[in-house]
Amino acid sequence: MKLDKILLIFGATPMINAQLKISVIIPVYNQAKYIGEAIESILCQTKTVDEIIVVNDGSTDQLTSALKPYKDFIRIISHASNAGVAAARNTGIKNAICDVILFQDADDISEPNRVELCLSAFLIPDVFYVRGMLQNFVEPGQLLPKILADKENLIPIQSPGSGVLAVKNTFFKQIGLFDESLILAEDIDWEMRAKFKGFKPYVIDELLVKRRLHANNISNIDLKEATEIRLRIFRKNLLPRK
């Protein structure tokens, strides 16, 4: 069911929640090539955001130059060295001043109405975090593993990834921050912790983000290592509860 119909059921109109302010957090490590498009997709939203925090996680490329055109629209926080995406997101959370935190990956593109849809969802009672659909697209000229480049992976899907996540700022006090010991799937771990505390996301049945597939994606990590990390997450969250 579309969000506007859900809002009408709860007696709310499908309008932007003017009472909530929103911070956008963009963690970035060596994505100078794509960061401009990511920022532009936030600046071109149908609902203007209140702050954009770019966390430079020890980049060694031309990121500083790539960010110069946006210096009047963003706040930059820099790590002295690469600490990982979980640590970068946590730095953004700790410095965000708004009611809602929306995560934007540095190589992805948000749909123009993403912020408006997310803020409208928070009009529904007892909604603490929101996610929606993403659609993969292959960076032109890139050769990718078949598992990533197959056509069936290029249709809109529901995703638990943090790249489509928006969270009420105060909710992190209940669930905690991202686990900085994890080099990937830290968002899956966070959602599992929320679930076991009795919370579920509000899922928007509309496209929110276009995710770029390219040779340097963190998800291209060795498949065996990725599987081991995910098993570690499941053991961490499931075994103590048996």
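In this report, we go over the structure that sits alongside the text. (Residues numbered from 1 in each chain as written. Predicted model: local features only at pLDDT ≥ 70, side-chain atom pairs only at ≥ 80, totals over all residues. Heavy atoms only, no water.)

Examining the overall build of the protein
The helix and strand inventory of the protein stands at nine helices and nine strands. Counting only contacts in the protein whose residues sit at least 6 apart along the sequence, the fraction spanning at least 24 positions is 79%. (Helix = DSSP H or I, 4+ residues; strand = E, 2+ residues; numbered from the N terminus. Contact = heavy atoms within 4.5 Å.)

Notes on the side chain of Glu51
Tracing the chain through its elements places Glu51 in strand β2 (residues 51–56). Judged by its relative accessible area of 11%, Glu51 falls in the buried class. Within the structure, Glu51 has its side chain in polar contact with the backbone nitrogen of Ile97 (distance 2.9 Å). Setting aside its immediate chain neighbours within four residues, Glu51 contacts Ile22, Ser23, Val24, Arg75, Asn95, Ala96, Ile97 and Cys98. (Buried < 20%, exposed > 50% of the residue type's maximum accessible area, 1.4 Å probe, protein only. Polar contact = N/O pair within 3.5 Å; in protein donor to acceptor, adjacent residues only side chain to side chain.)

Overview of helix α8 (residues 186–196)
Within α8, eight of the 11 residues are buried, leaving the element largely enclosed by the surrounding structure. Of all the positions in α8, only Glu186, Asp187, Asp189, Trp190, Glu191, Met192, Arg193 and Ala194 are classed as buried. Of the residues one or two after α8, Gly198 is the one with positive phi, at around 95°.

Observations regarding the pattern of salt bridges
Between side chains of opposite charge, pairing is possible as soon as their charged atoms come close. Taken as a whole, this structure holds 10 salt bridges when the rule is applied. Of the charged contacts in the structure, one is a salt bridge between Asp105 and Arg89, with a shortest N-O distance of 3.1 Å. In this pair, Asp105 is assigned in the loop between β4 (100–103) and β5 (109–110) and Arg89 in helix α4 (residues 85–95), connecting sequence segments 16 residues apart. In this pair, the class of Asp105 matches that of Arg89, namely buried. Note that Arg89 is salt-bridged to Glu186, the shortest N-O span being 2.4 Å. One end of the pair, Arg89, is in helix α4; the other, Glu186, is in helix α8, and 97 residues separate them in sequence. Each member of the pair, Arg89 as well as Glu186, is classed as buried. When salt bridges with common partners are traced through the structure, they connect Lys33, Glu37, Glu139 and Arg212 into a single cluster. (Salt bridge = Lys/Arg side-chain N within 4 Å of Asp/Glu carboxyl O.)

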